[in-house]
Amino acid sequence: MPAPAETIMVTSSPVACDGGGGALGHPRVFLTLVAGKAVCPYCSREYVLSGAVGGMAG
């Protein structure tokens, strides 16, 4: 079974993800938070807006 995706708390949007592996990561993509969340299409990291309550920024 694959390891669960990492969840990263952020304070603003947009966020950038490069896989975090340096040369072993993936191309940098910029993600816009929708309802306080975004998921990287490459590595499935989930970015969650800090202070989000019930999926909405608060």
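Refer to the preceding data block for the structure.
Treat the numbers as computed from the prediction; the structure is a model and nothing was measured.

What counts, and where the lines are drawn
Residues numbered from 1 in each chain as written. Predicted model: local features only at pLDDT ≥ 70, side-chain atom pairs only at ≥ 80, totals over all residues. Heavy atoms only, no water. Helix = DSSP H or I, 4+ residues; strand = E, 2+ residues; numbered from the N terminus. Contact = heavy atoms within 4.5 Å. Areas by Shrake-Rupley, 256 points an atom, 1.4 Å probe, with all protein chains shown as cover. Core = buried A, V, L, I, M, F, W, Y, C linked by side-chain atoms within 4.5 Å. Buried < 20%, exposed > 50% of the residue type's maximum accessible area, 1.4 Å probe, protein only.

Novice: For this particular structure, what's the right way to read the overall build of the protein chain?
Specialist: Regarding its fold elements, the protein chain presents zero helices and seven strands. Walking the protein chain from its N terminus toward its C terminus, one meets helices and strands in the order β-β-β-β-β-β-β. Restricting the contact set of the protein chain to residue pairs at least 6 apart, pairs at least 24 apart contribute 35%. Per element, the accessible surface of the protein chain, about 4,000 Å² overall, is 60% carbon and sulfur.

Novice: Mind showing me how you'd approach the nonpolar core here?
Specialist: One broad trend across soluble globular proteins is that nonpolar side chains are buried collectively. With 10 residues, the main nonpolar core is built from Val10, Val15, Cys17, Val29, Leu31, Leu33, Ala38, Cys40, Tyr47 and Leu49. Every element with two or more residues in this core is listed here: strand E2 (15-17), strand E3 (29-31) and strand E5 (46-49). Aside from chain neighbours lying at most four places away, what touches Val29 is Val15, Ala16, Cys17, Cys40 and Tyr42.

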